[in-house]
Amino acid sequence: MPDQRRKGSICQTRLFRVFVFPLLLLSLAATAAACSGGVSKEEHQALQSKLNEAEEQARAATDQLKTLQAKGKNFGITIETFDAKGQPAYEAKQGSALAFIQSGIAYDSPADSNYITVVDVKTRQILTRVAIPMAKGAQSHALGMSAGARWLYLPDFSGISKKLYIVDGLTLKVAKVLDVGAATHHMDEGSYKQIGKFILVDTYNPDHGIIVLDPNNDNAIVGHIPFGTLLGRPYSAWSSPDGSFAYVTVRSPLADQKGWLSKVDLSTFKATAFIPVGVGPVWVAFSADGKTAWVSDSTSNDVLQIKVAQSKEEKDTVAGSVPLNFSPYGITLSADARKLYVVDKTYGATNASTRVAVVDTEAKKVIKEIKVGKQPDHVFLSPDGTEIWVSENRGNGVSIVSVETDEVIGHIPTPGDAHSVRFTIAQVTSSASPGQTGQSPSATPTAKPSPGSAPTVTAGDVVAKGQLLFQRVGCASCHGPGAQGGIGPDIRGRTAEQITGALGSVDAMSFIKLTPEEIQAIAAYLANLSR
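Residues numbered from 1 in each chain as written. Predicted model: local features only at pLDDT ≥ 70, side-chain atom pairs only at ≥ 80, totals over all residues. Heavy atoms only, no water.

Colleague: Explain the overall build of the chain here, please?
Modeller: Looking only at helices and strands, one finds 9 helices and 29 strands in the chain. Each of the 531 residues in the chain was classed as buried or not, and the buried ones make up 55%. A separation of at least 24 residues holds for 51% of the contacts in the chain among residues at least 6 apart in sequence. If you sum the accessible surface of the chain, you get close to 22400 Å²; carbon and sulfur atoms cover 51% of it. (Helix = DSSP H or I, 4+ residues; strand = E, 2+ residues; numbered from the N terminus. Buried < 20%, exposed > 50% of the residue type's maximum accessible area, 1.4 Å probe, protein only. Contact = heavy atoms within 4.5 Å. Areas by Shrake-Rupley, 256 points an atom, 1.4 Å probe, with all protein chains shown as cover.)

Colleague: What should I look at first to understand the pattern of salt bridges in this one?
Modeller: Pairing of side chains with opposite charge becomes possible as their charged atoms draw close. Enumeration according to the criterion identifies 12 salt bridges in this entry. A salt bridge links glutamate 80 to lysine 163; its shortest N-O distance comes to 3.6 Å. Pair noted here: glutamate 80 is in strand 1 (residues 78–81) and lysine 163 is in strand 7 (residues 163–168), with a separation of 83 residues, a long-range link. Take lysine 163: its relative accessible area is 21%, and that puts it in the partly exposed class. Residues aspartate 344 and arginine 355 are paired through a salt bridge, measuring 2.7 Å at the closest nitrogen-oxygen approach. A residue pair is termed long-range when its members are at least 10 positions apart, and aspartate 344 in strand 22 (residues 339–344) and arginine 355 in strand 23 (residues 355–360) qualify at 11 residues. (Salt bridge = Lys/Arg side-chain N within 4 Å of Asp/Glu carboxyl O.)

Colleague: Looking at this model, I keep getting lost on the pairing of strand 2 (residues 97–104). Mind explaining?
Modeller: The side chains of a regular strand alternate, residue by residue, between the two faces of the sheet. With respect to burial, strand 2 is a largely interior element, 7 of its 8 residues being buried. Bridge count between strand 2 and strand 29 (residues 417–425): 8 bridges; the pairing is antiparallel. Paired with leucine 98 across the strands is threonine 424, a residue of strand 29. Bridge count between strand 2 and strand 3 (residues 114–120): 6 bridges; the pairing is antiparallel. Bridge pairing in strand 3 places isoleucine 101 opposite threonine 117. (Pairing = 2+ DSSP bridges.)

Colleague: I'm lost on the side chain of glutamine 102 in this one. Help?
Modeller: Its place among the elements puts glutamine 102 in strand 2. Once residues within four sequence positions are removed from consideration, glutamine 102 is found in contact with Tyr115, Ser140, His141, Ala142, Leu143, Leu154, Asp417, Ala418, His419 and Ser420.

Colleague: Is there a simple way to explain unusual backbone geometry in this structure?
Modeller: Peptide bonds are mostly trans, and most non-glycine residues show a negative phi. Even without glycine at this site, leucine 172 takes up a positive phi of about 60°. Along the chain, leucine 172 falls in the loop between strand 7 and strand 8 (174–179). Unusually for a residue other than glycine, asparagine 219 sits at a positive phi of about 60°. Note on placement: asparagine 219 falls in the loop between strand 11 (210–214) and strand 12 (220–225).

Colleague: What is the right way to read the packing of aromatic side chains from this model?
Modeller: The description of an aromatic ring pair uses the distance of the two centres, along with the angle that the planes make with each other. Scanning the entire structure with this criterion turns up 9 aromatic pairs. For the pair tryptophan 389 and phenylalanine 423, a centre-to-centre distance of 5.4 Å together with 90° between the ring planes defines the contact as edge-to-face. Highlighted residues: tryptophan 389 in strand 26 (residues 387–392) and phenylalanine 423 in strand 29, separated in sequence by 34 residues. For the pair formed by tryptophan 389 and phenylalanine 423, the shared burial category is buried. When the ring centre of tryptophan 151 is taken as reference, the NZ or CZ atom of arginine 150 above it lies at 4.0 Å. Above the face of the tyrosine 204 ring, arginine 233 is positioned so that its terminal group lies 4.1 Å from the ring centre. (Phe/Tyr/Trp six-rings, centres within 6.5 Å; stacked < 30°, edge-to-face > 60°. Lys NZ or Arg CZ within 6 Å of the ring centre and 35° of its normal.)

Colleague: Honestly, the pairing of strand 13 (residues 234–239) in this entry has me stumped. Any pointers?
Modeller: Extensive coverage of strand 13 is indicated by the burial of 6 of its 6 residues. Turn length for the strand 13-strand 14 (residues 245–250) hairpin, with the two strands adjacent in sequence and antiparallel, is 5 residues, and the turn residue glycine 243 shows positive phi of about 75°.

Colleague: It is not clear to me how the packing of helix 8 (residues 496–505) against helix 9 (residues 516–527) should be interpreted in this structure. Could you clarify?
Modeller: Helix-helix packing: each pair is described by the crossing angle between the helix axes and the interaxial distance. Between helix 8 and helix 9, the least distance of the axes is 9 Å, while the angle of their chain directions is 120°. Relative to helix 9, helix 8 is oriented oblique. Classified by chirality, the crossing of helix 9 by helix 8 is right-handed. Across the interface between the two elements, Ala496, Ile499, Thr500 and Leu503 of helix 8 pack against Ile519, Gln520, Ile522, Ala523 and Leu526 of helix 9. Classifying every residue of the contact of helix 8 with helix 9 gives 7 nonpolar, 2 polar and no charged. (Axes fitted to C-alpha atoms, helices over the stretch in contact; angles between N-to-C directions. Parallel < 35°, antiparallel > 145°, perpendicular 65-115°, else oblique. Left-handed = near helix turned anticlockwise from the far one by under 90°. Nonpolar A, V, L, I, M, F, W, Y, C, P; charged D, E, K, R; others polar.)

Colleague: I keep staring at the sheet that holds strand 29 and nothing clicks. Help me out?
Modeller: For sheets, the rule is that strands pair by backbone hydrogen bonds, running either parallel or antiparallel. Here we have 4 strands laid out as an open sheet, ordered 4-3-2-29, and antiparallel in their pairing. The open sheet has two free edges, formed respectively by strand 4 (126–132) and strand 29, since each of these has just one partner strand. Averaged over all adjacent pairs, the angle separating strand axes in this sheet is 20°, with direction ignored.

Colleague: How should I be thinking about helix 9 in this particular structure?
Modeller: Given 3.6 residues per helical turn, the α-helix brings residues three or four places apart onto the same face. Between its terminal C-alpha atoms helix 9 stretches 16 Å, which fits the 16 Å expected from 12 residues at 1.5 Å a residue. Those residues of helix 9 that fall on the buried side of the exposure criterion are Glu518, Ile519, Ala521, Ile522, Ala523, Tyr525 and Leu526. (Expected span 1.5 Å × (residues − 1).)

Colleague: Can you help me understand the nonpolar core in this one?
Modeller: Counting 28 residues, the largest nonpolar core has Leu261, Val303, Ile331, Leu340 and Val342 as the members making the most contacts within it. Put simply, the parts of the chain that give this core at least two residues each are strand 13, strand 17 (281–286), strand 18 (292–297), strand 19 (302–307), strand 21 (328–333), strand 22 and strand 23. Excluding residues that lie within four positions of it along the chain, leucine 340 makes contacts with Trp294, Val303, Ile331, Thr332, Leu333, Ala357, Val358, Val359 and Thr361. Listed in part, the 22 residues of the second largest apolar core include Tyr90, Val130, Ile132 and Ala138. (Core = buried A, V, L, I, M, F, W, Y, C linked by side-chain atoms within 4.5 Å.)

Colleague: Can you help me understand the sheet that holds strand 23 in this one?
Modeller: With antiparallel pairing, the 4 strands of this open sheet are ordered in space as 21-22-23-24. Edge strands, defined here as strands with exactly one partner in the open sheet, are strand 21 and strand 24 (365–371). Each strand axis lies, on average, 25° off the axis of its neighbour in the sheet, ignoring direction. The pairing of strand 21 with strand 22 spans 4 bridges and is antiparallel. Across the sheet, residue leucine 333 finds its bridge partner in strand 22, namely leucine 340.

Given below as structure tokens:
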């Protein structure tokens, strides 16, 4: 059996190299002129024809690959399982919004491990922070989440381990490890938000491309979308709001040539269209109604608006674009789709960007730039639609932006580079013991008071005002819910003068804007806390 599996793997690699990549390169080289600038209708049709032709030929090779892979369990992917049962790693009140933040060891990170941090969205309180045991040198670079945070998904972008780590969302213990034979990069949990269907994980393995997991069936591998189907290596894959299609950003293997969105039917895992976009497509953001999608192009320096087909007779088309004076990366839409938040991700420690642009989607122009921490990467909309959470690679944290004012209103520090944030609403269950397979909610039945929590005070009291400010501006996320110390020091008893000095000298606090009266209120609250 080992020899047969090895022989099958060799055959798969040869088939891909012989049939798929040469066809891809030939078809793209033939259309280089059409891809090098703005394309006319005739050039667009010629490109589509070439892509369709290459797709048909590549599909024959892909079918042969599937035949080989069907002989092996899980498409040849090795799976290890572990006991992830145990006590919950955190406590949360029913109905509270929780944020799960992934941070890693890349981008000159000071961290010694890859972490998951769980935060109460409303209070900014850090409920727990857990180091995830990954292979030495492995870099988590994204975070996926199934419904109710039943499962969390951590890739190894470094490719050192060539594995995907699946974590129990309640105990924060590793439950499964999938060896996909290459680096894993991004993942989309889009369709579960509507229909609880699957998780898409993009890999650098040509045989697997995008692997499709069923979170409701112990993360069984239910399909994959090889490079041959996509006509190239996927960068990120996003399911449409109704879960019918995957839109995959694919970059051309030819330098400075336009890439495309490969549209894949998720009932058959076959490509149905290729939509030419800009050079270096990165991220996709859908409007809630599924009628519009936006794509960021990191090399073309623009974002494109896609009119999404609503029937089999229609085709997806580029409806507009917004030129930018920077390299756009992560994007997300406001709940009403009137604003698109676009990250300027400029690499490098010395010239790292610190801005997020706000695009008016109707006027198709930038209306504001927001200053955040160093090298922002991606942006995420909070469950209630009132906040944008910005992950920062070299800022080692997450900045929180008000959708109403487009101003930074909070900050969550992380041990290392932050890349992804995922949200859930905590639910209570009595159907299974904590950590038991099949349990979906991510909260315990009741929440115990946190150690060092503040004493009860009268609502109109200046101390109560200080307590509310302490939570609202994010002090609790660093210094603990009762100021007793956490990532930052114990600051109980600090005076107004000391607080003012810290606000002016600590970079991580530069976003906090307080009036003298508010500083006095926080000082009164801190003075009211006993050591």
